[in-house]
Amino acid sequence: MSDAPRLWMRHESRSSERRAPLTPEDAAVLVAHGVPVTVEESPQRVFPLGDYRAAGCATAPAGSWTGAPADAYVLGLKELPDAPARLTHRHIFFGHAYKGQSGAAELLGRFAAGGGSLLDLEYLTDEDGRRLAAFGYWAGYVGAALAVLHRRGRLAAPLVPLGRAELDAALRDSRTDDGLRALVTGALGRCGRGARDAFATAGIGPTCWDLAETRDLDRAALLDHDILVNAVLTSRPVPPFLTAGHLDTPGRRLSVVGDVTCDVTSDCNVLPFNDRITTWEQPVRRLPGLDVIAIDNLPSLLPAEAGRSFSADLLPHLLDLGSPPWERCLRTFHAAQKSLQESAHA
């Protein structure tokens, strides 16, 4: 990869996405190290464009990354717009394209057509497979917060972004002696830790399950909770925790599921009865006897806190785009491309 990278941070096309992968303060560090940074205009980004200018960044109109210099790394978070059909640049974002998700083949096909590459942030890991930059804590925090607020009749739609102090105040104000029982699966990971902290703020001591408990899952015990927050991340199919049939269990207590993982169109979905995401406009999907929250950009509800945390994690790796973690990202991309080609010719 290039020894003198150029970064181009794009506007996020999703209207509810207010986060940024790079804060103005961390952009200033990159500029001070000789890394040119261009930041696109965005009407919704939580960090003002003027702060990036003051940090020494160039600016550009929203969506102009398609004409960025060929050697630029295009930096973002969520999905690309549908055009162009040919992706020629090196893109850094969460592609959600390696586990058979909806639209994965189309995205990889656009890279194949244009000769570009995807450096998927989900696969930016150390040698032991631990992710080096992640929004997991904040996803878990917001996911659990929304689940308990909904269960207590305190969740208003549409959702709007806010600060942690405001969210925490809502959680504390919701406290009652209702005896709610909550369960967090994947409790020892980043998402799980965030969910546990949100429940604590709401006055709930959750049951915490991780690998040992989910490997030999006690389904009756799972169903005997009011709220389930699923924070399990798996890269391969595993036996599901709950199917539609399990929801017919007599005496089931479970009434709210916060599916933070949101693997809804993947074979890795451990809650296959949940096959679609929910939105900021309609955060809760009502199934018979069960309400599901499955928003796939939860941290954007706390955009400033989540953005600062993620940018701090990502910054050292943006300073060294030729390092082994990025090389592993590139190998993962090439393996996915090869698998797609083989499937097409099978």
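For the structure given in this document, a descriptive report is provided here. As the structure is a prediction and not an experimental result, all values here were calculated from the model.

**Structural notes on the state of the cysteines**
Move 1: The final tally for this structure, using the stated rule, is 0 disulfides.
Move 2: With no disulfide of its own, Cys262 has Cys191 as its nearest cysteine by sulfur position, at a separation of 10 Å.
Move 3: For Cys262, a relative accessible area of 13% puts it in the buried group.

**Details of the packing of aromatic side chains**
Move 1: All told, the structure shown has 8 aromatic pairs when counted by the stated rule.
Move 2: Look at Tyr98 and Tyr123: their rings are 5.0 Å apart centre to centre, the planes differ by 55°, and that puts the pair in the tilted class. Here Tyr123 lies in the loop between β6 (117-120) and α4 (136-151) and Tyr98 lies in the loop between β5 (90-93) and α3 (104-114), a separation of 25 residues in the sequence.
Move 3: The exposure class of Tyr98 is buried, given its relative accessible area of 18%.
Move 4: Each ring, one from Phe135 and one from Phe310, has its centre 4.1 Å from the other, and the planes form 5°; the classification is stacked. With a gap of 175 residues between them, Phe135 in the loop between β6 and α4 and Phe310 in helix α9 (residues 303-318) connect regions that are remote in the sequence. Comparing Phe135 with Phe310, the two get one shared label, buried.
Move 5: The side chain of Arg10 reaches across the aromatic face of Phe93, ending 5.1 Å from its centre.
Move 6: A cation sits over an aromatic face here: Arg19 above Phe135, 4.3 Å from the ring centre.

**A few points about the sheet that holds strand β7 (residues 182-185)**
Move 1: Ordered by their spatial adjacency, 6 strands build an open sheet running β8-β7-β9-β10-β12-β11, and the pairing between neighbours is mixed. A strand with exactly one partner marks an edge of an open sheet, and here the two such strands are β8 (207-209) and β11 (285-287). Taken pair by pair, the neighbouring strands of this sheet meet at an average axis angle of 20°, ignoring direction.
Move 2: Summarising the sheet, β7 and β8 pair through 3 bridges and their orientation is parallel.

**Thoughts on helix α5 (residues 164-173)**
Count 3.6 residues to each turn of an α-helix, and residues three or four apart come out pointing the same way.
Move 1: Residues of α5 that are buried include every one of Leu167, Asp168 and Leu171, and no others. In an axial view of α5, the angular spread of the buried residues amounts to 100°, which keeps them on one side of the axis. Residues of α5 that are exposed and angled more than 90 degrees away from the buried face: Ala165, Glu166 and Asp173.
Move 2: On the buried face of α5, the contacting elements are α4 and α6 (190-201).

**What about the nonpolar core?**
Move 1: Membership of the largest hydrophobic core comes to 88 residues, with the highest contact counts inside it found for Ile92, Phe199, Ile227, Leu314, Leu318 and Trp326.
Move 2: Residues Leu183, Leu222, Leu228 and Leu242 belong to the second largest nonpolar core, which totals 20 residues.

**Comments concerning unusual backbone geometry**
Move 1: A cis amide bond, omega 5°, links Ala83 with the succeeding residue Pro84.
Move 2: On the secondary structure map, Pro84 appears in the loop between β4 (72-75) and β5.
Move 3: Geometrically, the link from Ala157 to Pro158 is a cis peptide bond, its omega value of 0° lying close to zero.
Move 4: Even without glycine at this site, His96 takes up a positive phi of about 50°.
Move 5: Structurally, His96 can be placed in the loop between β5 and α3.
Move 6: Non-glycine residue Cys262 carries a positive phi angle of around 60°.
Move 7: Within the secondary structure, Cys262 sits in the loop between β10 (256-259) and β11.

**Details of the side chain of Asn274**
Move 1: Looking at the element boundaries, Asn274 is found in the loop between β10 and β11.
Move 2: Of the residues examined, Asn274 reaches a relative accessible area of 1% and is grouped as buried.
Move 3: Among the polar contacts made by the side chain of Asn274, one reaches the side chain of Asp259 at a distance of 3.0 Å.
Move 4: Those residues in contact with Asn274, other than ones at most four positions away along the chain, are Asp259, Val264, Asn269, Arg285, Val292 and Ala294.

**Some points on the pairing of strand β12 (residues 290-293)**
Move 1: Every second residue of β12 is oriented toward a common face, with Leu290 and Val292 on one face and Asp291 and Ile293 on the other, all of them buried.
Move 2: Note that β10 and β12 share 3 bridges and pair parallel. For Val257, the partnering residue across the bridge sits in β12 and is Val292.
Move 3: In this structure, β11 lies alongside β12, joined through 3 bridges in antiparallel fashion. The partner of Arg285 across the bridge, within β12, is Val292.
Move 4: Hairpin remark: β11 followed by β12, antiparallel, with 2 residues in the connecting loop; positive phi at Gly289, about 75°.

What counts, and at which threshold
- Residues numbered from 1 in each chain as written.
- Predicted model: local features only at pLDDT ≥ 70, side-chain atom pairs only at ≥ 80, totals over all residues.
- Heavy atoms only, no water.
- Disulfide = S-S within 2.5 Å.
- Buried < 20%, exposed > 50% of the residue type's maximum accessible area, 1.4 Å probe, protein only.
- Phe/Tyr/Trp six-rings, centres within 6.5 Å; stacked < 30°, edge-to-face > 60°.
- Helix = DSSP H or I, 4+ residues; strand = E, 2+ residues; numbered from the N terminus.
- Lys NZ or Arg CZ within 6 Å of the ring centre and 35° of its normal.
- Pairing = 2+ DSSP bridges.
- Axes fitted to C-alpha atoms, helices over the stretch in contact; angles between N-to-C directions.
- Arc of directions from axis to C-beta.
- Contact = heavy atoms within 4.5 Å.
- Core = buried A, V, L, I, M, F, W, Y, C linked by side-chain atoms within 4.5 Å.
- Polar contact = N/O pair within 3.5 Å; in protein donor to acceptor, adjacent residues only side chain to side chain.

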